[in-house]
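Understanding the architecture of this molecule
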Amino acid sequence: MTDERPSIRILIAEDEKATGDLLVNSLSQPERRLQIVYNGLDAIAALQSQPYDLLITDLMMPGADGMEVMKKAKELYPEIMIIIMTGYASLDTAIEAIHGGAYDYIRKPFRLDELEICVQNACERILMLKENQALLKRIEELDRLKQTEPPVQPSQPIFLYPSDIPPSAYYAQTQSGNDALTHLERLSSLYEKGLISLDEFNIMKQKLFAKI
Amino acid sequence: MNLTNDECQYLFDNLPAQLTAMLIKGLVHNLNGPLQVISMQTELIDKIKSINQQQIDNLQANITRLQQQIQCMANHADTNNTQDQPIILNEMIEQELTFWHADLFFKHKVNKTINLFQKQVFTITQEATARGIMGSCIALSIESLRQKTPCNFVIDCSITDNPAAYSITFSQNGSPFTEEQKTNSAQQAYETVYPASLLKKYLAVKTAAIGWTLRMDAQKLSIGIPA
């Protein structure tokens, strides 16, 4: 697995241009891909055009309001994280937003530090989800591979030969006493590490002795 | 509960103040916009410990917005002033529109076309009553538009021949003014609802009281104002 963290796609919907631009300015970080739209309809269009991990939306906007945008976002990407921000002082709306699947709710006027903490928490959660998904996918792939590969036969210790050389040719190349001794040492080492059984060790040893 | 005539009269006379009270949530919402920009901008300046011209302009623009909104609210606080004074009509219309943006349905859902007077014209009348009349025309239009999509609202100002010198027309494409307005549940996010029948009475009484004229058509309210 690579150490590089995946980027987080963030859509900001804010009808106050000055506020929106300052949000982009302050939330910008190398691993965040930010896009800003200035009304609800553009937010829905942006969501339809590409997936986002995080939506930060104003509640009261022209075109479509934040609740409509949130519903559309959830419909398109059920795992999207949503942060609602609004100057509309209504507890009911906040509760409705959280029930509708919003991750957090922030009331204007808020401090940038407050929003940054909120966004940072959401980003951490998104990254964790992405990592979990990647790990699950990897496990599924390994499971699939395991099911499609033939089981390893104890009498055929294929791990002893280089993969591109057939066993017969390999043995043909290892005729000298020194080579046999080297292989015997490798066999002992494999047995000590528990990588081959005693039976396998004995069979291989007999074959080696027969060649000397 | 039955109200006495005096109580009804008191409520009727103070209708504009009641409308202002209904808009408080939206007024606060709109104050938060420029306040948010000022707050964020100062926070960013504090972080980088420097300031550029663009940031100064941004701060000043939003302080101006705050001042305008506070002025609009102050205008509506002075409801008991019955003295005649000169009123610049374009200025009052613009202030009323700014004020009525506190109705978030009107602010966000209604397409507005505003054709002001081509030149600055004024009239002398009671400012509070004039504001009450214009506000009532806007409130009635909003009520008519609640069930309509798209919502179109137009103000046309013109200088006319006698008997009226100036005409202001408020048009909308929603339900007729003559119908009883009903609340649309789809608009619950913008829940402010105004008493339409009371507004119509208020308009009729107050326009007559200050010598203005009122004409109510299906989707159009026209006010005639003497010079």
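Up top is the structure.
One structure accompanies this document, and this report is about it.

Within chain A, the regular secondary structure consists of eight helices and five strands. For chain A, the sequential pattern of α-helices and β-strands runs β-α-β-α-β-α-β-α-β-α-α-α-α. Of all 212 residues assigned to chain A, the portion counted as buried reaches 26%. Sequence-distant contacts in chain A: of pairs separated by 6 or more residues, those separated by 24 or more amount to 59%.

Right, let's get into the interface of chain A and chain B. Facing the 18 residues of chain A at the interface are 18 residues of chain B. Of the residues forming the side of chain A that touches chain B, the biggest block, five residues, is contributed by helix H1 (residues 17–27) of chain A. Of the residues assigned to the side of chain A that touches chain B, the class counts are ten nonpolar, four polar and four charged.

With that settled, consider the environment of Thr19 of chain A. Mapped onto the fold, Thr19 of chain A is located in helix H1. Among the residues examined, Thr19 of chain A registers 26 C-beta atoms within 10 Å and is labelled buried. Apart from the residues lying within four places of it in its own chain, the contact partners of Thr19 of chain A are Glu14 of chain A together with Gly33, Gln36, Val37 and Met40 of chain B.

Here the focus is the sheet that holds strand E5 (residues 166–172) of chain B. All names here are of chain B. In spatial order, the strands read E2-E4-E5-E7-E6; together these five strands make up an open sheet with mixed pairing. Strands at the two margins of the open sheet, each flanked by one partner only, are strand E2 (110–115) and strand E6 (213–216). When the angles between neighbouring strand axes are averaged without regard to direction, this sheet yields 10°. Looking at chain direction, E6 and strand E7 (residues 220–225) are connected through four bridges and run antiparallel. Residue pairing for E7: Leu214 is matched across the bridge by Ile223. Most of the contacts of helix H7 (residues 127–145) go to E5, to which it runs at about 20°, and overall it touches E2, strand E4 (151–159), E5 and E7.

About the thresholds
What you see as residue numbers is a count from 1 along each chain, following the sequence as written. Lettering of chains starts at A and numbering of ligands starts at 1, both following the order in which they are written. Local features in a predicted model are, by the rule used here, given only for residues with pLDDT of at least 70; side-chain atom pairs are given and counted only at 80 or more, and totals for whole chains, interfaces and linings are based on all residues. Numbered from the N terminus, helices here are DSSP runs of H or I no shorter than four residues, and strands are runs of E no shorter than two. Exposure in this text rests on C-beta crowding, where 20 or more other C-beta atoms within 10 Å of a residue's own make it buried, 12 or fewer make it exposed, and counts in between make it partly exposed. The C-beta atoms are placed from the backbone. Throughout, a residue-residue contact means that the two C-beta atoms, derived from backbone geometry, are no farther apart than 7 Å. Nonpolar residues are Ala, Val, Leu, Ile, Met, Phe, Trp, Tyr, Cys and Pro. Charged residues are Asp, Glu, Lys and Arg, and all others, Gly as well, are polar. Strand pairing is defined by DSSP finding a minimum of two bridges between the two strands. Axis definition: a line fitted to C-alpha atoms, limited for helices to the stretch in contact. Angles are taken between N-to-C directions and run from 0 to 180 degrees.

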